[in-house]
Amino acid sequence: MEHIVIIGNGIAGITAARHIRKLSDKKITIISAETDHFFSRTALMYVYMGHMRWRDIEPYEPWFWEKNRLELKKAFVETVDTANKTLHFKDGGTIDYDKLIIATGSVTNTFGWEGLKLNGVQGLVTKQDLETLEKNAPNNKECPRAVIIGGGLIGVEMAEMLRTRNIEVTMLVREDAFWAGVLPKPDAEMISRHILSHGVDLRPNTELEKILGDDKGNVKAIITKDGEEIPCCVVGITTGVKPQISFLKNSEIETDKGILVNRMLETNIKNVYAIGDCAQQREPIGNRPSVEAVWYTGRIMGEALAQTICEKPFEYNPGNWFNSAKFFDIEYQTYGWVFSESRKKDYEAQFHWKCNSDLRCVTISYNKNTNEFLGINTFGIRMRHEVFDKWLNEKRSLEYVIQNLKQANFDPEFYKKYEKEIQSKFLNQTVNA
Amino acid sequence: MSNFQRNMSLTGEPPKTINTQQKIASAIGLIGLALLFLALFNLDFPNKTLWLSVSLGMIAAGTIWFSIAAYANKHEGIKNDGIYFKSLTSRGFWAWILGILLTLFYMVLYWFPQYLGLVQDGDNKGLVALFDPLSKLLNGGPASQWFLYGTLYTMAILAFGVKFLLKYRNNNYEKLRTFSVMFFQLGFAFLIPELMLRLNSASFSLPYYDLKNIWPLNYYNFEQYRVDEFVSAGDIGLGLLIFGIASIFIITPILTYKYGKRWYCSWVCGCGGLAETAGDPFRHLSDKRQVAWKVERWVIHSVLVFVVLMTTAVVHSYLGDDSSKYWLTKDVFLISVASLLTLVFLGVWIFKREELQKDARIGSIAYFVIIIALIALHFTTGKTLFLFDAEILRQSYGFLIGAIFSGVIGVGFYPIFGSRVWCRFGCPMAAILGFQQRLFSKFRITTNGGQCISCGNCSTYCEMGIDVRAYAQKGENIVRSSCVGCGICAAVCPRGVLNLENGPLEKRINSNEILLGNDVDLMNYVNK
């Protein structure tokens, strides 16, 4: 029986395993050094916040693995010997594979600042990071203030987590508003105001110079590039993530930022595949970055690769881009492409509407030459994935989308509807233009 | 380093204390409660009207002030911070204390009302006596232990209802639903039946009737003394009796078809009302394991069978044999019951066979055969219907299901098993509504494409123990008999994935194993 070995038990690896099992009887082994069982990485924050226990963020009960004959091994893969199709573990021992799927995900990305090794400096990617944060910031007596470096999705999660324990948070953001490298300016500014309203000391246009420690090796403060010293006990490094591929450096597997794969998710070595955050497309697909560190793309790659492994060769061919997040109390969804000022295409124009509450807004991007609808950012209003997927495929016009926005609404029953307000703003703008 | 005790488990030591205002509010509420305790231990209050008002007023004011202090100054949104760190809401010390106190209260209420001060012939004493003035004001007579219970129950729904309204003030669905349960409890369950008692005289008497309390939840609705009273009370009584029958056979099926069982379970029902308000802090304690779901299916449907047998036996016992006196005789009734059950059984097996799980198939056949065989046995050999005397069935049901299951376990164990144990495992009304919801209703919880991140908030906060995430992460809609449509899964979802909707029956349960976001060809591939 063919033996499929998967390194990594995150969403990409587990999705691949589940779908291979659905399609075949192959022997499947999943290796992870992080946890015994698959968990939802995006839900780490809720454990620290006391919304859920660890077991609640594990999507499958412990019996699931045995029932589906998915063998789990807790070990750290130190080297990959592709010539002999063997993995060597750090604690000794080996495992042979017929096909290898690498789904090792990401590690925290850092920029070589001074003081990174101090106690209290940490990212928030792994279960171990969560445990470290619990130790570093159990409450506001042990940790009166934390500084978060980087304004992105992990940064805002970490801020929200720390604020639930009344820990003061300073957040250094390189851009002039939160996540302004990704969000259009009005969106980024609204979210920035919301973050401020939650008592976070958000510092736009501020970068880290270095981290200072005390004589016991603990963090005591950070210094910004402007020379300001901010005392703190925890420094959260949330300046993005990068593929976890360091264990491959002596292998034959070709890497760049991530593990290089083609559209079949194959590496340069036969029978070795890479999916999820750790994979890098040789040729970027459409507007997508070559490394996509997103829950959904990990899942989609797992689904596609399972077909290939089960003798139905299949390309990773993601449909329309989508993503979602939650910034404290404001939910965010995006369908299609809406670019920030810095990344905006020259054909892209945007229509923006914001609610008076300052808690909801919508930005729709369109092609200014053809009026084709390109994408939407929606904050505080839930929208239907299926409807936008269809409209993007049908290349609908901006006007069509605005007129039919009601069809896409996914808010709970009895919620106030904003379509009319959005439509009238659009009409006014068009008339005045 | 300080000598701070570090808990190395993942649930650490966050601030879990309550603020000063909440402390004062708690003190006020507890003093109000203490006054009731003083009455319980037979302290004879001089001015009962005053002291009852003071006590209930302080409990209500304390609860509401506590809620305002907890939520009013915070942003609108989800308020689950620290739930699993607090002793009361994570099966800690205070949860057990509260559970034990509630359980004791129910035991005294059901079996030892004399300790509450109930005096059968003569003036009440103690706690029940304290409620006499309110009882006289409403129904003209002295209080009973049930009046005391009804008052406290209504107070709990109203005061904790206000708390729930503040907690979910961003969510109109939750707000409307909560206004609704508060309204039905205050009006239909409490004020109307109490005031109706005033209509009673020597020549005219209506049974105590909470109009929204439908058989089989209201398992005693068709007992002889009630039916006699209904019939003897002329047109009004007959109207109420017909309404009682129509509630279960006409109103319920129509509303459940259109909106799912939520129209009742989380908008109208008193048990649901208490679970949604006072029970809300315990909703996450429901058991999500698959094994719990298996137990649930057997237990709740067994209770349903029990109540059908019991009611049939009871009604059968007081009907006559002579069709010339009244058309509905023992035999006509039994044959009607058997025919109705046969119709339902055949209907499901002919039209919905594919949707029945293995255990549902075994269970439905087994129970159907047993009931029909018992009825046949009665007709052929003349043995007692269902082998036991109707009175024994009635008493056992009242004791085991009515008292122990719905009261002692259902509410007493809120802080341990969560707030909907009765609704999930025991309520025969929920079983009927759920049966229809699963097979013949427009209601479903829609999953929004591929946006699920498997975080588990939906499953964790499902009071019915449904593993919502298991469906959402596969892009499947959630169509489950037990879902009471409280809407909290949709509220706590951080990615806007879930939505309660009424829609066409076609494609109500979609099963796209490959979610949106992937190449459409891949979906065709898999679905081939």
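Cut-offs applied
- Residues numbered from 1 in each chain as written.
- Chains lettered and ligands numbered in written order.
- Predicted model: local features only at pLDDT ≥ 70, side-chain atom pairs only at ≥ 80, totals over all residues.
- UniProt positions renumbered as here; feature names shortened; annotations may be inferred.
- Helix = DSSP H or I, 4+ residues; strand = E, 2+ residues; numbered from the N terminus.
- Rg over C-alpha atoms; globule rule 2.2 N^0.38 Å.
- Buried ≥ 20, exposed ≤ 12 C-beta atoms within 10 Å, placed from the backbone.
- Contact = placed C-beta atoms within 7 Å.
- Nonpolar A, V, L, I, M, F, W, Y, C, P; charged D, E, K, R; others polar.
- Domains from an automatic or database assignment.
- Axes fitted to C-alpha atoms, helices over the stretch in contact; angles between N-to-C directions.
- Left-handed = near helix turned anticlockwise from the far one by under 90°.
- Pairing = 2+ DSSP bridges.
- Core = buried A, V, L, I, M, F, W, Y, C linked by C-beta atoms within 7 Å.
- Arc of directions from axis to C-beta.

An unreviewed UniProt entry annotates chain B as 4Fe-4S binding protein of Aequorivita lipolytica.

Going by the annotation in an unreviewed UniProt entry, the name recorded for chain A is FAD-dependent oxidoreductase, with Aequorivita lipolytica given as the source organism. Recorded in UniProt under Cofactor (unreviewed entry), the annotation for chain A is "FAD".

Participant: How would you sum up the overall build of chain A? Please name residues and give values.
Facilitator: When its secondary structure is counted, chain A shows 11 helices and 25 strands. The globule rule puts the C-alpha radius of gyration for 433 residues at 22 Å, and the 23 Å found for chain A is close to it. Seen along its three principal axes, the alpha-carbon backbone of chain A occupies a region of about 70 × 60 × 40 Å. Here chain A, with 433 residues, has 49% of them falling under the buried criterion. In chain A, the proportion of contacts linking residues at least 24 apart, taken out of those at least 6 apart, comes to 61%.

Participant: Could you give me a rundown of the overall build of chain B, with the residues and numbers involved?
Facilitator: Helix and strand content of chain B: 22 helices and 2 strands. Here chain B has a C-alpha radius of gyration of 25 Å; the compact-globule value for 528 residues is 24 Å, and the two agree. Taking the principal axes of the C-alpha coordinates as reference, chain B spans close to 90 × 80 × 35 Å. Out of the 528 residues in chain B, the part that is buried amounts to 42%. If you take every contact in chain B between residues at least 6 apart in sequence, the share linking residues at least 24 apart comes to 72%.

Participant: Summarise the interface of chain B and chain A; cite the residues concerned and give the values.
Facilitator: The parts lose accessible area when they come together, and the size of an interface is often stated as this lost area. On the side of chain A, 54 residues touch chain B, which itself brings 51 residues to the contact. Listed by contribution, the elements that provide at least two residues to the side of chain B that touches chain A are helix H7 (172-197), helix H19 (457-460), strand S2 (498-502) and helix H22 (520-527) of chain B. Taken together, the residues that form the side of chain B that touches chain A break down as 19 nonpolar, 24 polar and 8 charged.

Participant: Tell me about the domain arrangement of chain A, residues and numbers included.
Facilitator: Residue and element names in this part refer to chain A. Split by domain assignment, chain A resolves into domain 1 (3-107 + 242-309), domain 2 (121-239) and domain 3 (322-432). Computed over C-alpha atoms only, the centres of domain 2 and domain 3 are separated by 30 Å. Listed by partner, the interface residues are 17 residues for domain 2 and 16 residues for domain 3. Of all the secondary-structure elements, those providing two or more residues to the side of domain 2 that touches domain 3 are helix H5 (153-163) and helix H6 (185-197). In terms of residues, the side of domain 2 that touches domain 3 owes the most to one element, H6, which gives 8 residues. Residues of the side of domain 2 that touches domain 3, tallied by class, amount to 10 nonpolar, 3 polar and 4 charged.

Participant: Give a detailed account of the packing of helix H12 (residues 290-318) of chain B against helix H15 (residues 390-409) of chain B, specifying residues and quantitative values.
Facilitator: All names here are of chain B. Taken N-terminus to C-terminus, the directions of H12 and H15 make an angle of 140 degrees; their axes are 8 Å apart at the nearest point. Relative to H15, the crossing made by H12 is left-handed. Counting all contacts with H12, which are made through Val303, Phe306, Val307, Leu309, Met310, Ala313, Val314, His316 and Ser317, the residues of H15 involved are Ala390, Leu393, Arg394, Tyr397 and Ile401. In the contact of H12 with H15, the residues fall into 11 nonpolar, 2 polar and 1 charged.

Participant: So what's going on with the sheet that holds strand S6 (residues 94-96) of chain A? Residues and values would help.
Facilitator: Residues and elements named next belong to chain A. Taken in spatial order, the 3 strands make up an open sheet running S4-S5-S6, and their pairing is antiparallel. The strands lining the two open edges of the sheet, one partner per strand, are strand S4 (77-81) and S6. The average angle at which neighbouring strand axes cross in this sheet is 20 degrees, direction not considered. The pairing of S4 with strand S5 (residues 86-89) spans 4 bridges and is classified as antiparallel.

Participant: Tell me about the nonpolar core, and please be specific about residues and values.
Facilitator: Formed by 240 residues in total, the largest nonpolar core has its most connected members in Ile6, Ala146 and Ile275 of chain A together with Cys489 of chain B. Considering every element that reaches this core, the biggest residue donor is helix H6 (residues 145-167) of chain B, with 9 residues. If sequence neighbours within four positions are ignored, Ile6 of chain A has contacts with Gly13, Ala16, Ala17, Ile28, Ile30, Ile31, Ile101 and Ala103 of chain A.

Participant: Before we move on, could you go through the environment of Ser302 of chain B and cite the residues and values that matter?
Facilitator: Residues and elements named next belong to chain B. Note on placement: Ser302 falls in helix H12. Exposure remark for Ser302: the 16 C-beta atoms within 10 Å place this residue in the partly exposed category. Ser302 sits 124 residues away from Gly426 along the chain, and the two C-alpha atoms are 8.6 Å apart.

Participant: Any details on helix H8 (residues 385-393) of chain A? Residues and values, ideally.
Facilitator: Residues and elements named next belong to chain A. Those residues of H8 lying buried are His385, Phe388, Asp389, Trp391 and Leu392. Buried residues along H8 cover an arc of 165 degrees about the axis, so they all sit on one side. Contacts from the buried residues of H8 go to strand S21 (322-327), strand S22 (330-336), strand S25 (373-379), helix H9 (398-403) and helix H10 (405-408). One or two positions beyond H8, positive phi appears at Lys395, with a value near 50 degrees.

Participant: Which residues make up the pairing of strand S7 (residues 99-102) of chain A, and what are the values?
Facilitator: Within a regular beta strand, the side chains point alternately toward one face of the sheet and then the other, so they alternate between its two faces. Residues and elements named next belong to chain A. Relative to S7, strand S1 (residues 3-7) runs parallel, the two being bridged by 4 bridges. Across the sheet, the residue bridging to Ile4 is Lys99, located in S7. The pairing of S7 with strand S19 (residues 272-274) spans 3 bridges and is parallel. Each bridged residue has a counterpart across the sheet, and for Ile102 the counterpart in S19 is Ala274.

Participant: Explain the UniProt feature "domain: FAD/NAD(P)-binding" (unreviewed entry) in chain A to me, and be specific about the residues and the numbers.
Facilitator: Summarizing the sequence annotation, UniProt attributes the feature "domain: FAD/NAD(P)-binding" (unreviewed entry) to residues 3-281 of chain A in the numbering used throughout. Across residues 3-281 of chain A, helical content stands at 20% and strand content at 29%; the span's end C-alpha atoms are separated by 25 Å.

Participant: Requested: an account of the sheet that holds strand S24 (residues 361-367) of chain A, with residues and values cited.
Facilitator: All names here are of chain A. With antiparallel pairing, 5 strands are arranged side by side in an open sheet as S21-S22-S25-S24-S23. Here the strands that pair on one side only, and so sit at the sheet edges, are S21 and strand S23 (348-354). Along the sheet, successive strands turn relative to each other by an average axial angle of 10 degrees, direction set aside. In this sheet, S25 lies alongside S22 in antiparallel orientation, the contact comprising 5 bridges. Its bridge partner being in S25, Tyr332 is matched across the sheet by Phe379. H6 contacts S21, S22, S23, S24 and S25 of the sheet and is inclined by roughly 165 degrees relative to S24.

Participant: Give me the lowdown on the environment of Gly199 of chain A, citing residues and values where you can.
Facilitator: Residue and element names in this part refer to chain A. As for its position among the elements, Gly199 is in the loop between H6 and strand S12 (200-203). A tally of 11 C-beta atoms within 10 Å means that Gly199 is categorised as exposed. Placed 32 residues apart in sequence, Gly199 and Ile167 show a C-alpha to C-alpha distance of 9.7 Å.

Participant: Please set out H5 of chain A residue by residue, giving values where relevant.
Facilitator: H5 of chain A sits mainly inside the fold: 10 of its 11 residues count as buried. The set of residues buried in H5 of chain A consists of Leu153, Ile154, Gly155, Val156, Glu157, Met158, Ala159, Glu160, Met161 and Leu162 of chain A.

Participant: Provide a residue-level description of the pairing of S5 of chain A, including the pertinent values.
Facilitator: Residues and elements named next belong to chain A. The hairpin formed by S4 and S5 contains 4 residues between the paired strands, and Lys85 there has a positive phi angle of roughly 50 degrees. Across 3 bridges, S5 lies against S6 in antiparallel orientation. Residue pairing across strands places His88 opposite Thr94, the latter belonging to S6. What sits between S5 and S6 in their antiparallel hairpin is a turn of 4 residues, with Gly92 showing a positive phi close to 85 degrees.

Participant: Break down unusual backbone geometry for me, citing the residues and quoting the values.
Facilitator: Here the residue pair Trp215 of chain B and Pro216 of chain B is connected by a cis peptide bond, since its omega of 10 degrees sits within 30 degrees of zero. Mapping Pro216 of chain B onto the fold places it in the loop between H7 and helix H8 (224-232). Residues other than glycine seldom take positive phi values, yet Trp179 of chain A does so here, at roughly 55 degrees. What makes Trp179 of chain A buried here is the crowd of 23 C-beta atoms within 10 Å. Even without being glycine, Ser454 of chain B reaches a positive phi, approximately 55 degrees.

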